[in-house]
Amino acid sequence: MTDRDADFTAYLQARQARLLRTAYLLTGDQHQAEDLLQTSLAKLYLAWDKVRDHGSVDAYVRRIMVNENNSLWRRGWKKREFATDEVPEGRPVHDRYDEGLGAAVWDVVQTLPRKARAVVVLRYYEQLSEAETADTLGISVGTVKSQTSRALAALRERTPVELSPSHRQSNREEER
Amino acid sequence: MNDETLLTTELSRRADAIAGAPLTFESVRGRAHGIRRRRRTRAAAVVAAAVALAVIVPTVLSGGSGGSDGIEPAPAPPTAPGSSVLHDGALTLPDGDTVQVDVDNADVSQMGVLTDGRIVVAMLQPRAVRVYGPDGSLDEQYPVEADVITMSAGGDAVAWVAKDLTVQVLASGAAEPATLPAIPMPGQASGGIDAVVDAQHLLVGDHTTTTGILTPDGVEDLATSKPFRVIDVSPSGDLWAVAFMPTVEHEQYGCSGLYDPEAGEVVAQRCDTPGLQFSPDGRHLLSLAGDNNMYGEALMFDRDLTQVGRFSPEGETVVVSRAGWSDPTHLVVGVTDWQTSRWSLVRVGLDGSDPEVVGPEAPGRNPETIAEYIVSA
C-alpha cells in the first residue's frame, strides 16, 4: 500500500462513523446514507492529493455529500436502486421520554427541502457556524440565516402545540 | 429547552443510533475507479461528438455530398449532452453532479453548459453574459446587446451579440471568445444568432428570418427553398428545425418544420409545434406551446413530425415552465402551479407517461415572471 493509500485508509477508519451519521441525517435512510458516503469518499479518494494538503478534508467531504444528496437525478436513481421486497431495517427506536416530541421534530426535518435540511444538519448537528455552513454549501450567509429561520418556523408550526418547548415550559411554570 | 437545542438534541439522538457496516479501503477505491471510468467515457463521448460535428457540418453547409465512390462505414450519429438544470443556486448536470452557482434564477434569461464544463449564463440583471468555471466560480462577465445566448447542438460553442454589435463565439477549451463581424442590419438594429453550427459557422438573421451564414470572414447569404427562421440544428447537422412566418390562419405560433439543408427542402411541416428542440441523438423533437412564460404541455415528435408522446401536468392550474432533454429518451420538466406558485421538477419518458418527481414540490415565485427551474439551452 502506498503512503497515499495508507493516509487515506487512516482517515477512512477515523472518520467514517461520524460521516455516516451526517449522511443519515441528510438522507433520512440508512441505505442511502451508506451509498452516499461511499460515493463521497470515492470522490475524496480521487482528489486526495489536492485535498489533504489543504488540511480541510472534513469540509471537503461534507460539501461532496451535500452536493451528491442534492443531485436531482441521483435521487431518482436511488429510488429504483433500493426497491426491495425486504422489510427495511428499523429506524432508531425511541422511548416515550419525550411524549413524541422527538418524533415530531424528526418528521419536520425529514420534510424540509434538501437544501434547508442540509443547513439544519450542518448548523445543529455538525455545529458549524453560519459562515462555515455557507462556505460548505456554496451559498451566502444570508441564505443560511433565512433557511435556518424558515426551518425553525416550520418546527414551531408543525410541532403539536402541547409538545412545543414553549408550551411545556409554561405548563411546568403553572404546575409550580 | 428552546427550538435550537431541541433540534440539536434530536439530530444527535437520531445520528447516534446509526451504526453501519464500516467501508473498506478496497470498496471505496473500487467505486472511485468506477467514477473515473465514467468520467473518461463521458469525456470521450463529448470529444467524439465534437469531432463528428466538425467533419459532418461543413460538408452539409457547402452542399457537397461528402461521399465518394468507395463504400465507407456509416459514422455513428453524434449524441449531444443532455440538459442541465439550474435551481436555487445549484446546477445539476446530466450525470447528477451538482455545481453551486451564485446566481438567482430571477436574473437569468438563459443558461448553457459547454463541453469543457464552463457554465454560460445570459443575465437579465445586469444585462450581460457571465461565464462560470466548471466549479461554479465566476470567470468573466461580458456586456451584451441582448440577454440571449445560442448554444451549438453539441455544446462545444456558444455565441452572443456583444454591446458593440459584434458577434462573440466562445468555444469549448478556448480562454476567450473569438470576435466575428456584426450581423448586417439596417440602421442601429442588431441581428439575431439563430443557430451555432460550430464555432466558425453561425446561422444569423433579423429575428424573423434566417438570412445568412456568419463566419470569421463575414456573412454569406443563405439561400433556402422558402423563408424561415432556424430554431435548432440536429446534433449531426443533417436537419434544421425551423419556424415559418405566422400567417392569418396560424397567427399565434405560426407553423414549424424540418429542413434538410443538403437537399435544400422542407421535409416535414406542422402548425401546432412551436419551439422545436432536437433530442440529444437527433431522433426526436420536443415542442412547447404557451404564453405568459408558461406552457400547457410538452409534445414529443419523431423526425416526420408525427407525435410520439405528450406530457400534460395534472391539475387545472398546473403547467410546464421549462423543459429539455435529459437524455435521448427522457425529458426533464419544470412544473408549476400558477395559482399557488408551487414548483417541482419531473423526469418524463419519451411517450410522456410515468412522470417521476426528481425535485419535490416546494413553494417558489410567480411563474409568469421567473422560472425556478431553468433548463440549459
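In this text the structure is predicted, and so the values were computed from the model without any measurement. (Residues numbered from 1 in each chain as written. Chains lettered and ligands numbered in written order. Predicted model: local features only at pLDDT ≥ 70, side-chain atom pairs only at ≥ 80, totals over all residues.)

(A) Summary view of the overall build of chain B. Along the backbone of chain B there are 2 helices and 28 strands. Taken over 377 residues, chain B has a buried fraction of 45%. Counting only contacts in chain B whose residues sit at least 6 apart along the sequence, the fraction spanning at least 24 positions is 45%. (Helix = DSSP H or I, 4+ residues; strand = E, 2+ residues; numbered from the N terminus. Buried ≥ 20, exposed ≤ 12 C-beta atoms within 10 Å, placed from the backbone. Contact = placed C-beta atoms within 7 Å.)

(B) Layout of the environment of Leu19 of chain A. Residues and elements named next belong to chain A. Structurally, the position occupied by Leu19 is in helix H1 (residues 3-27). You can call Leu19 buried: it has 22 C-beta atoms within 10 Å. In sequence terms Leu19 and Leu37 are 18 residues apart; their C-alpha atoms lie 7.1 Å from each other.

(C) Just the pairing of strand S25 (residues 330-337) of chain B, in detail. All names here are of chain B. The element S25 is largely enclosed, with a buried count of 6 among its 8 residues. The pairing of strand S24 (residues 318-327) with S25 spans 8 bridges and is classified as antiparallel. Bridge pairing in S25 places Val318 opposite Asp337. With antiparallel pairing between neighbouring strands as the criterion, S24 and S25 make up a hairpin whose turn holds 2 residues. Connecting S25 to the antiparallel partner strand S26 (residues 342-349) that follows it, the hairpin turn spans 4 residues, and Ser341 within it adopts a positive phi of roughly 55°. (Pairing = 2+ DSSP bridges.)

(D) Representation of helix H8 (residues 130-137) of chain A within the structure. Residue and element names in this part refer to chain A. Taken together, the buried positions of H8 are occupied by Thr133, Ala134, Thr136 and Leu137. In a view along the axis of H8, the buried residues occupy a sector of 165°, so they form one face of it. Phi turns positive one or two residues past the end of H8, at Gly138, with a value near 70°. (Arc of directions from axis to C-beta.)

(E) Looking closely at the interface of chain B and chain A. With 42 residues of chain B at the contact, the number on the chain A side is 43 residues. Listing elements by their share of the side of chain B that touches chain A, those giving two or more residues are helix H1 (3-16), helix H2 (25-62), strand S2 (90-92), strand S3 (98-100), S26 and strand S27 (356-363) of chain B. No other element matches the 11 residues that H1 of chain B contributes to the side of chain B that touches chain A. A breakdown of the residues in the side of chain B that touches chain A according to their chemical character gives 18 nonpolar, 12 polar and 12 charged. (Nonpolar A, V, L, I, M, F, W, Y, C, P; charged D, E, K, R; others polar.)

(F) A look at the sheet that holds strand S15 (residues 218-221) of chain B. All names here are of chain B. As summarised here, the arrangement of the 4 strands in space is S12-S13-S14-S15, forming an open sheet in which the pairing is antiparallel. Strand pairing shows two members of the sheet lacking a second neighbour, strand S12 (192-198) and S15, which therefore form its edges. When the angles between neighbouring strand axes are averaged without regard to direction, this sheet yields 30°. The pairing of strand S13 (residues 201-205) with strand S14 (residues 210-215) spans 4 bridges and is classified as antiparallel. For Val204, the partnering residue across the bridge sits in S14 and is Gly212. (Axes fitted to C-alpha atoms, helices over the stretch in contact; angles between N-to-C directions.)

(G) How the structure looks around the packing of H8 of chain A against helix H9 (residues 141-158) of chain A. Residue and element names in this part refer to chain A. For the pair H8 and H9, interaxial distance at closest approach is 8 Å and the crossing angle is 105°. It follows from the interaxial angle that H8 and H9 lie roughly perpendicular. Taken together, the residues of H9 that come into contact with H8 (itself represented by Glu130, Ala131, Thr133 and Ala134) are Val141, Val144 and Lys145. Its residues assigned to classes, the contact of H8 with H9 comprises 4 nonpolar, 1 polar and 2 charged. (Parallel < 35°, antiparallel > 145°, perpendicular 65-115°, else oblique.)

Honestly, that's just the spatial picture; any functional story needs more than this.
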